[in-house]
Amino acid sequence: MQVVTEVISSIPFDRPDRVIERDEARLFEMPGPRVMRFLTADLPPLAVYSLPVRYEPVEFAPPRGVFEGPALRLEWQTMSRNGRQPFYHRNADVDEIGYQVYGERTLMTECGTVEFQVGQFARIPVGAAHDNYGHDDIHILFYMHGPIKTGIAPVGWSAHRVPPYVGWQAKPMVETLTNCLGGPHCDLAYSMIDEELLLGAGAHASDLLEVLEPSGPEGTTEWIYRAPKVWIGHTRLGCTLKRRYERKLCVDEIQYQVEGTRTIISQRGVITMHPGDFTCIPKGCAHASITEGPSKHISVLTSEPTPAIRKAGRIAEIDVGAWLAAHGERTVAPSD
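As a starting point, this report considers the structure included with it. For clarity, every value in this text was computed on a predicted model and none was experimentally measured.

Rules used in this analysis
- Residues numbered from 1 in each chain as written.
- Predicted model: local features only at pLDDT ≥ 70, side-chain atom pairs only at ≥ 80, totals over all residues.
- Heavy atoms only, no water.
- Salt bridge = Lys/Arg side-chain N within 4 Å of Asp/Glu carboxyl O.
- Helix = DSSP H or I, 4+ residues; strand = E, 2+ residues; numbered from the N terminus.
- Buried < 20%, exposed > 50% of the residue type's maximum accessible area, 1.4 Å probe, protein only.
- Polar contact = N/O pair within 3.5 Å; in protein donor to acceptor, adjacent residues only side chain to side chain.
- Pairing = 2+ DSSP bridges.
- Phe/Tyr/Trp six-rings, centres within 6.5 Å; stacked < 30°, edge-to-face > 60°.
- Lys NZ or Arg CZ within 6 Å of the ring centre and 35° of its normal.
- Disulfide = S-S within 2.5 Å.

What about the pattern of salt bridges?
Argument step 1. The tally for this structure, following the rule as stated, stands at 19 salt bridges.
Argument step 2. A salt bridge links E6 to R22; the nearest nitrogen and oxygen atoms lie 2.7 Å apart. Pair noted here: E6 is in strand 1 (residues 3-9) and R22 is in strand 2 (residues 18-23), with a separation of 16 residues, a long-range link.
Argument step 3. Residue E6 is classed as buried on the basis of its relative accessible area of 0%.
Argument step 4. Overall, R22 belongs to the partly exposed group, its relative accessible area being 29%.
Argument step 5. With its nearest N and O atoms 3.2 Å apart, the salt bridge here joins E253 to K248.
Argument step 6. On the basis of relative accessibility, which here comes to 9%, the residue K248 falls in the buried class.
Argument step 7. A single salt-bridge network, built from bridges that share partners, covers R244, E246, K248 and E253.

Comments concerning the side chain of S10
Argument step 1. Tracing the backbone through its elements, the reader meets S10 in the loop between strand 1 and strand 2.
Argument step 2. Judged by relative accessible area, S10 falls into the buried class, the value being 8%.
Argument step 3. A distance of 2.8 Å separates the side chain of S10 from the backbone oxygen of L249, its partner in a polar contact.

Focus: the sheet that holds strand 11 (residues 149-150)
Argument step 1. Judged by pairing direction, the sheet is antiparallel, and its 8 strands sit side by side in the order 11-16-17-24-19-22-3-25 without closing on themselves. With partners counted over all chains shown, the strands left at the sheet margins are strand 11 and strand 25 (314-315), one partner each.
Argument step 2. Here 5 bridges tie strand 16 (residues 221-226) to strand 17 (residues 230-237), and the two strands are oriented antiparallel to one another. Within strand 17, the residue paired with W223 across the bridge is G233.

Focus on the packing of aromatic side chains
Argument step 1. One pass over the structure, following the stated rule, counts 10 aromatic pairs.
Argument step 2. With centroids separated by 5.7 Å and ring planes inclined at 70 degrees, the aromatic side chains of W223 and W231 adopt a geometry described as edge-to-face.
Argument step 3. Owing to a relative accessible area of 13%, W223 belongs among the buried residues under this scheme.
Argument step 4. By the ring-pair criterion, three or more aromatic residues cluster together here, those being Y49, F67, Y256 and F278.
Argument step 5. Just above the ring of F116 sits the side chain of R105; from NZ or CZ to the centre is 4.1 Å.

Considerations on the state of the cysteines
As used here, a disulfide is simply a covalent bond connecting the sulfur atoms of two cysteines.
Argument step 1. This structure, assessed with the given rule, holds 1 disulfide.
Argument step 2. The side chain of C180 participates in a disulfide bridge whose partner is C186; the two sulfur atoms lie 1.8 Å from each other.
Argument step 3. When its relative accessible area of 27% is taken as the criterion, C180 is described as partly exposed.
Argument step 4. With no disulfide of its own, C250 has C280 as its nearest cysteine by sulfur position, at a separation of 15 Å.
Argument step 5. A residue is classified by how much of its surface remains accessible, and C250, at 47% relative accessible area, is partly exposed.
Argument step 6. For the unlinked cysteine C280, the closest cysteine sulfur is that of C285, found at 9.7 Å.

Take a look at the structure:
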């Protein structure tokens, strides 16, 4: 019998975690056909949705939606090589958070300009106009309702910068105002703007954008942004010597693999995550992460259903017992 630890928790994490010991094999054992048959209803396995993590030259195209619900919209975006999107954008109902996956990106707003580096976050407040200039860029966007609190100290702020990048020339630009979490076909209004006037507002902006870069200790999750229904965190892991299961109540957990390879063992199957992979662990599903080296991933907790809006690329291996039998001895250290 392999005894493992399981931690049961729920946002806002203002109560002590419930920590219990489990017989790991029993954790994944289904009830027999004569015992509470309704418990054996088929539950869908974990699914993985993969998007590139290295830039390839493309023409500008709208962002690719990954997950979408009433409280959260998550998108993947890349810019044309050394190019920009052809309009300024304002959100009518949500804040917009960006995370830089690859390359560099100049974010131009009336709250100042940000030069994104890989691994950095910044939040654009609701109603603030913004545009992007990409340098072999890939980034992820999170649209969520405020108010939003930050959980770590900033490493920098936006600054008034005109011109915002080499080669920039002011010209009349399209501005679009968008509703329903920045979703497609949700535009409310269009107009033309004077770009120099818009960026000039950054010289006296009182709401500069904070640049955040997680750097917390190994083995813990840093909660970077906290909204009423959505939390965004970052986890850094080293080599895993012992499985530690987690079960979150009240929230689904969308995970995005940033660096390294990580295997998720769960009551919805076993799946290996590579950089660029997204998955969603349903509320109440016990799961553990196994790593053989450094790994980083982003967790997004959402209390509202946020289904994937892309076709899955891979499905979890359902027979967890067989996987444990084949891999358990190699990945579990002796009990303390």
